[in-house]
Amino acid sequence: MNNTPSASRQVTLGFIVGLIAAICYGFIPFFTLPIKHDGASPNFMSDPTILFYRFGFASIIVALCMLVGRKSFKVTRGELVTLIYLSFISDGSALFLIDGYNYMTSGVATTLHFMYPVVTAIIMMTFYNEARRFSTIFAVCMAVAGVGVLSWDPTGNTSVKGVVIVLISAVCYALYIIRVNRSRAATMDGTKLVFYVMFIGALIFGAEALRQGNFKPITTELQVQNLLSLSLICTFVTNVALVYSVKRIGSTMVAVLGALEPLTAVIVGCLVFHEAFTWQVVVGIALIIPAVLLIIWSRKQQDQSTADTNDVHK
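Heads up: these notes are all about the structure in this document. This structure is a prediction, so every number in the text was calculated from the model and none was measured.

How each quantity is defined
- Residues numbered from 1 in each chain as written.
- Predicted model: local features only at pLDDT ≥ 70, side-chain atom pairs only at ≥ 80, totals over all residues.
- Heavy atoms only, no water.
- Helix = DSSP H or I, 4+ residues; strand = E, 2+ residues; numbered from the N terminus.
- Contact = heavy atoms within 4.5 Å.
- Phe/Tyr/Trp six-rings, centres within 6.5 Å; stacked < 30°, edge-to-face > 60°.
- Buried < 20%, exposed > 50% of the residue type's maximum accessible area, 1.4 Å probe, protein only.
- Axes fitted to C-alpha atoms, helices over the stretch in contact; angles between N-to-C directions.
- Parallel < 35°, antiparallel > 145°, perpendicular 65-115°, else oblique.
- Left-handed = near helix turned anticlockwise from the far one by under 90°.
- Nonpolar A, V, L, I, M, F, W, Y, C, P; charged D, E, K, R; others polar.
- Core = buried A, V, L, I, M, F, W, Y, C linked by side-chain atoms within 4.5 Å.
- Polar contact = N/O pair within 3.5 Å; in protein donor to acceptor, adjacent residues only side chain to side chain.
- Salt bridge = Lys/Arg side-chain N within 4 Å of Asp/Glu carboxyl O.
- Expected span 1.5 Å × (residues − 1).
- Patch = residues over 30% accessible without salt bridge, like charges linked within 9 Å, V, L, I, M, F, W, Y side chains within 5 Å.
- Areas by Shrake-Rupley, 256 points an atom, 1.4 Å probe, with all protein chains shown as cover.
- 1 Å grid on protein atoms, 1.4 Å probe; cavity = no way out; pocket = protein on both sides within 12 Å on 5 of 7 lines; lining within 4 Å.
- Points joined across faces, edges and corners; volume = space filled by probe spheres on them.

### Let's talk about the overall build of the protein
Item 1. Per the secondary structure count, the protein includes 12 helices and zero strands.
Item 2. Reading the secondary structure of the protein in the N-to-C direction produces α-α-α-α-α-α-α-α-α-α-α-α.
Item 3. Here the analysis covers contacts within the protein between residues at least 6 apart in sequence; of these, 88% occur between residues at least 24 apart.

### Considerations on the packing of aromatic side chains
Item 1. Here the structure, examined in full by the defined rule, presents 15 aromatic pairs.
Item 2. Between Phe114 and Tyr116 the ring centres are 6.1 Å apart and the planes differ by 85°, which places this aromatic pair in the edge-to-face class.
Item 3. What makes Phe114 buried here is its relative accessible area of 1%.
Item 4. Overall, the relative accessible area of 15% leaves Tyr116 in the buried class.
Item 5. Between Tyr116 and Tyr173, the ring centres sit 4.7 Å apart and the planes meet at 75°, which makes this aromatic pair edge-to-face. Here Tyr173 lies in helix α8 (residues 160–181) and Tyr116 lies in helix α6 (residues 116–127), a separation of 57 residues in the sequence.
Item 6. Through pairs of rings, three or more aromatic residues link up here, namely Phe52, Tyr53, Phe57 and Phe215.

### Description of the environment of Val17
Item 1. Its location among the elements puts Val17 in helix α1 (residues 7–26).
Item 2. In this structure, the C-alpha to C-alpha distance between Val17 and Val237, residues 220 residues apart in sequence, is 9.8 Å.
Item 3. Ignoring sequence-local partners within four residues, the contact set of Val17 consists of Ala241, Tyr244 and Ser245.

### Points about the packing of helix α4 (residues 77–100) against α8
Item 1. Interaxial distance between α4 and α8 falls to 8 Å at its minimum, and their mutual angle equals 155°. What the angle tells us is that α4 and α8 run roughly antiparallel. Classified by chirality, the crossing of α8 by α4 is left-handed. Between α4 and α8, the residues in contact are Tyr85, Leu86, Ile89, Ser90, Gly92, Ser93, Phe96, Leu97, Asp99 and Gly100 and Ile165, Val166, Ile168, Ser169, Cys172, Tyr173, Leu175, Tyr176, Arg179 and Val180, respectively.
Item 2. Tallied by class, the residues present in the contact of α4 with α8 amount to 13 nonpolar, five polar and two charged.

### Describing the nonpolar core
Item 1. With 70 residues, the main nonpolar core has Leu86, Leu112 and Leu193 as its most contacted residues.
Item 2. Residue contacts for Leu112: discarding those within four places in its chain leaves Met104, Val147, Leu150, Val163, Val166, Leu167, Ala170 and Ile288.

### Observations concerning the side chain of Ser46
Item 1. The residue Ser46 is located in the loop between α2 (28–36) and α3 (47–68) in this model.
Item 2. Here the side chain of Ser46 touches Asn214 through a polar contact of 3.3 Å, side chain to side chain.

### What about the pattern of salt bridges?
Item 1. This structure, assessed with the given rule, holds two salt bridges.
Item 2. Taking the shortest distance from any N to any O, the salt bridge between Lys71 and Asp189 comes out at 3.7 Å. Here Asp189 lies in the loop between α8 and α9 (190–212) and Lys71 lies in the loop between α3 and α4, a separation of 118 residues in the sequence.
Item 3. The class of Asp189 is partly exposed, set by a relative accessible area of 33%.
Item 4. We note a salt bridge from Glu208 to Arg211, for which the minimum N-O separation is 2.8 Å. Taken as a pair, Glu208 and Arg211 lie in helix α9 at a separation of three residues, close to a single helical turn.

### Here's the deal with α6
Item 1. Taking 1.5 Å as the rise per residue, α6 with 12 residues should run 16 Å; its terminal C-alpha atoms sit 16 Å apart, in good agreement.
Item 2. Within α6, nine of the 12 residues are buried, leaving the element largely enclosed by the surrounding structure.
Item 3. The positive-phi residue at the C-terminal boundary of α6 is Asn129, with phi of around 55°.

### Section: a nonpolar patch on the surface
Item 1. Residues Phe277, Trp279, Val282 and Val283 make up a contiguous nonpolar surface patch of roughly 410 Å² in combined accessible area.
Item 2. Mapped onto the secondary structure, Trp279 falls in helix α12 (residues 279–313).
Item 3. By relative accessible area, which is 57% here, Trp279 ends up exposed.

### A short note on unusual backbone geometry
Item 1. Even without being a glycine, Arg70 presents a positive backbone phi close to 55°.
Item 2. Its location among the elements puts Arg70 in the loop between α3 and α4.
Item 3. Take Arg70: its relative accessible area is 78%, and that puts it in the exposed class.
Item 4. Even without being a glycine, His274 presents a positive backbone phi close to 55°.
Item 5. Tracing the backbone through its elements, the reader meets His274 in the loop between α11 (260–272) and α12.
Item 6. Since its relative accessible area comes to 67%, His274 is described here as exposed.

### Observations regarding empty space enclosed by the protein
Item 1. Counting across every chain of the model gives one cavity of 30 Å³ or more.
Item 2. Empty space within the largest cavity amounts to approximately 40 Å³.
Item 3. Looking at the lining of the largest cavity, the elements that each hand over two or more residues are α5 (106–113) and α11.
Item 4. Its residues assigned to classes, the lining of the largest cavity shows five nonpolar, two polar and one charged.

As structure tokens, then:
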């Protein structure tokens, strides 16, 4: 009797795991804000300190997985230079995102961060001569309009400075995605790549916290619970689930499922942190998420068209 799961079951599992990855990422504010916003407490942790523990714990988990799987940690000098560069832009994305929580609700910040596929499309069209499709340009305009609506929130829950900070986070993540596919990292084992980016990131954030003079050890049970959950659920599980899902349903569908990231953050923010759910937030989300999905669809169509053209010329 054949116990191998059917192709349809593999696809179903791919969708479920992809949903889990998106939802887990959307819980970043849930574990971050309880530590971050207790500024009156002597146990208050700075952004670099939080990220030091997040990436440090996650890199340890990945390292243990590599040891169990007997994967090599060896990298060449050229790969190390690339990994350091990728770590800096990945760290920039994480740092600017949680810094954005100081200026706006977590749901709005996560929605703005979700602009990274739009930023990726703009960079590819501007610097890599990618085709300028009407659908892509239209989607970019929709996304910009959505950012404008969120920036004009009359409740005061969103500031222009906060919008700029989180958009920088989206730019950093877009650059990270582009460089991963257009550098030595493209041929590197995915687990090894994740380990070094997280490990180097932990070193960078630890050094920054020490430079600022506000590095603090973990002293409370709340910090232990939230930092371990942030590392395990929002970092390790998300990365592993993404890899599993991409292999079964493809990167395009995984990116579409990623729309649950900002929606999860908005729901968590409203239900747990009692963040305002204004019409500006509704309109902004209604413009940005469809714009991102349109960008993903347009890039999928372009990739398919390129593949068909290559097949004809073979």
